[in-house]
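Here is what each chain is made of, one letter per residue.
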Amino acid sequence: MTDRTTFRLSTWFNAACRNAGRVSRKMPLSRAGLVLMGAIAATQLQGCFILGAAAVGGAALVATDRRTVGAQLEDQTIQVKAASQISNALRGNGNVSVNCYNQQVLITGQVPTEAYKQQVQQIVADIPNVKAVLNEVVVGPNSTLGQQAEDTFITSKVRASFIDDKQLYSQAFKITTSAGVVYLQGIVTQAEADQASAVASAVSGVKKVVTLFNIITPQQLQGIYKNTSQTPVTPPGNPPTTPATP
C-alpha cells in the first residue's frame, strides 16, 4: 500500500469517526451499531486494504458459519453462476442481485418487464444443485443510488440489532434489504426464527420482513457445535453464557 493511499485511508477514517459522532448525538445507537456502521462504510474502500481484510477474515467467517464448508463453496458457486448468467441475459436492462444460502436462492432488484423477471427465474432454477428460488424481483425502474444507500443502512441496523440481542447468534443470519423489505436467510431453530423476525420488524425503516430459513431442532443445533467452543445462541431469559467446552 503506498504512502498516499495510507494517507487517504487515514483521512477517510477520521472523517467517518467524526460523522459517527454526530450521528450518535442525534439518535441513540448501541456500541455494536456504531462499530458495524464503521465496518460497513469501510467495505466501500477499494484496493489492498480490502484484499488484506478479506484474507485475514475469510477463515473466521467459514468457522462461524452454520453451513458446512462444502455448502458454503456450493452456495458461492451458485451465486457466481447466477449473477453472471443473469447479467449476460439482461444486458444492462435492470438491476438484479442474487443471494444464495444453503442452496436456496433469493433474487431481488428491478427489471423493466415481466418477461425479464420470468427469464431471471428460469436462469436460476436451471443452475445445478439449486433447491429453491424466491423471486422477489420487481417490474419497474431501477432503484436510485439514494434508495440503495438506504437499503444498505437498514441492513446495517438490523445486523446491529441482532448483535445486541443476546438471544440471537448474529452470524447465523444472512440479511438482504431491497426497497425497505428485509429478507432473512439462515439455518436456525424456530425460536431463533421468531426472535429474528420480531427484532428485524422493529428496526426503523423496515417495511416488511420475509424469511427463507432452514428450520432445525435445538438438538440439531447443538450437534452442529458438538466439537467446538462456540455458543450458538443464548437461551431465552438467561444472561449471556460463557463459551461451551468441546
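All figures in this text were calculated on a predicted structure; none of them were measured in a lab.

1. Considering the pattern of salt bridges
(1) Moving on: Counted under the stated rule, the structure contains 3 salt bridges.
(2) Moving on: Arg 67 is the partner of Asp 65 in a salt bridge, and the nearest nitrogen-oxygen pair spans 2.7 Å. With respect to class, Asp 65 is no different from Arg 67; both count as buried.
(3) Moving on: Across the salt bridge formed by Asp 75 and Arg 67, the nearest N and O atoms sit 2.6 Å from each other.
(4) Moving on: In this structure Arg 67 comes out as buried when scored by relative accessible area, which is 14%.

2. Describing the sheet that holds strand S7 (residues 208–216)
(1) Moving on: The 3 strands lie next to each other as S5-S6-S7, forming an open sheet whose pairing is mixed. The open sheet terminates on both sides in strands that have one partner only, identified here as strand S5 (173–178) and S7. On average, each strand axis in the sheet is inclined to that of its neighbour by 15°, with strand direction left out of account.
(2) Moving on: Across 9 bridges, the pairing between strand S6 (residues 181–189) and S7 is parallel.

3. A word on unusual backbone geometry
(1) Moving on: Despite not being glycine, Asn 129 shows a phi value in the positive range, around 75°.
(2) Moving on: Mapped onto the fold, Asn 129 is located in the loop between helix H5 (114–125) and strand S3 (132–135).
(3) Moving on: The phi angle at Ala 179 is positive, at roughly 55°, despite the residue not being glycine.
(4) Moving on: Here Ala 179 shows up in the loop between S5 and S6.
(5) Moving on: Residue classification places Ala 179 among the partly exposed residues on the basis of a relative accessible area of 47%.

4. Concerning the pairing of strand S1 (residues 95–101)
(1) Moving on: Inspection of the sheet shows S1 paired to strand S2 (residues 104–111) by 7 bridges, in the antiparallel sense. Note on S2: the bridge partner recorded for Cys 100 is Val 105.
(2) Moving on: Linking S1 to S2, which pair antiparallel, is a turn of 2 residues; within it Asn 102 sits at a positive phi near 55°.

5. Concerning the confidence of the model for the chain
(1) Moving on: When pLDDT is averaged across the chain, the result is 80; 67% of the residues are at 70 or more.
(2) Moving on: Contacts of residues 19–27 to residues separated by more than four positions or lying in other chains number 4 contacts, the stretch itself having pLDDT below 50.
(3) Moving on: Counting interchain partners and residues more than four positions distant, the pLDDT-below-50 stretch residues 237–246 has 17 contacts.

6. Re the packing of helix H4 (residues 69–90) against H5
(1) Moving on: Running from N to C, H4 and H5 point in directions that differ by 150°, and their axes come no closer than 10 Å. Judged by the inter-axis angle, H4 sits roughly antiparallel to H5. Crossing geometry of H4 relative to H5 is assigned as right-handed. Residues Ala 82, Gln 85, Ile 86, Ala 89 and Leu 90 of H4 form the contact with H5, whose own contacting residues are Tyr 116, Gln 119, Val 120, Ile 123 and Val 124.
(2) Moving on: Residues belonging to the contact of H4 with H5 are distributed by class as follows: 8 nonpolar, 2 polar and no charged.

7. A word on the pairing of S5
(1) Moving on: With 5 of 6 residues buried, S5 is to be regarded as a mostly interior element.
(2) Moving on: Two elements, S5 and S6, share 6 bridges in a ladder whose sense is antiparallel. Across the sheet, Ser 178 pairs through a bridge with Val 181, a residue of S6.
(3) Moving on: Hairpin connection, S5 to S6: the antiparallel pair is bridged by 2 residues, and Ala 179 has positive phi, about 55°.

8. Some details on the environment of Asp 151
(1) Moving on: By the secondary structure assignment, Asp 151 is in helix H6 (residues 145–164).
(2) Moving on: Its relative accessible area of 11% is what places Asp 151 among the buried residues.
(3) Moving on: Put simply, Asp 151 and Ala 179 are 28 residues apart on the chain and 6.5 Å apart in space, counted from C-alpha to C-alpha.
(4) Moving on: Leave out the neighbours within four places in its chain, and Asp 151 touches Thr 177, Ser 178, Ala 179 and Gly 180.

9. Focus on the packing of aromatic side chains
(1) Moving on: Enumeration according to the criterion identifies 3 aromatic pairs in this entry.
(2) Moving on: Where Tyr 169 meets Tyr 225, the ring centres are 6.0 Å apart and the plane angle is 90°; that geometry is what we call edge-to-face. Separated by 56 residues along the polypeptide, Tyr 169 in the loop between H6 and S5 and Tyr 225 in the segment after helix H8 (218–224) bring together distant segments of the chain.
(3) Moving on: Of the residues examined, Tyr 169 reaches a relative accessible area of 13% and is grouped as buried.
(4) Moving on: Residue Tyr 225 is classed as buried on the basis of its relative accessible area of 6%.
(5) Moving on: For the pair Phe 173 and Phe 213, a centre-to-centre distance of 5.9 Å together with 70° between the ring planes defines the contact as edge-to-face. One end of the pair, Phe 173, is in strand S5; the other, Phe 213, is in strand S7, and 40 residues separate them in sequence. Each member of the pair Phe 173 and Phe 213 is classed as buried.

Calculation criteria
- Residues numbered from 1 in each chain as written.
- Predicted model: local features only at pLDDT ≥ 70, side-chain atom pairs only at ≥ 80, totals over all residues.
- Heavy atoms only, no water.
- Salt bridge = Lys/Arg side-chain N within 4 Å of Asp/Glu carboxyl O.
- Buried < 20%, exposed > 50% of the residue type's maximum accessible area, 1.4 Å probe, protein only.
- Pairing = 2+ DSSP bridges.
- Helix = DSSP H or I, 4+ residues; strand = E, 2+ residues; numbered from the N terminus.
- Axes fitted to C-alpha atoms, helices over the stretch in contact; angles between N-to-C directions.
- pLDDT = per-residue confidence, 0-100.
- Contact = heavy atoms within 4.5 Å.
- Parallel < 35°, antiparallel > 145°, perpendicular 65-115°, else oblique.
- Left-handed = near helix turned anticlockwise from the far one by under 90°.
- Nonpolar A, V, L, I, M, F, W, Y, C, P; charged D, E, K, R; others polar.
- Phe/Tyr/Trp six-rings, centres within 6.5 Å; stacked < 30°, edge-to-face > 60°.

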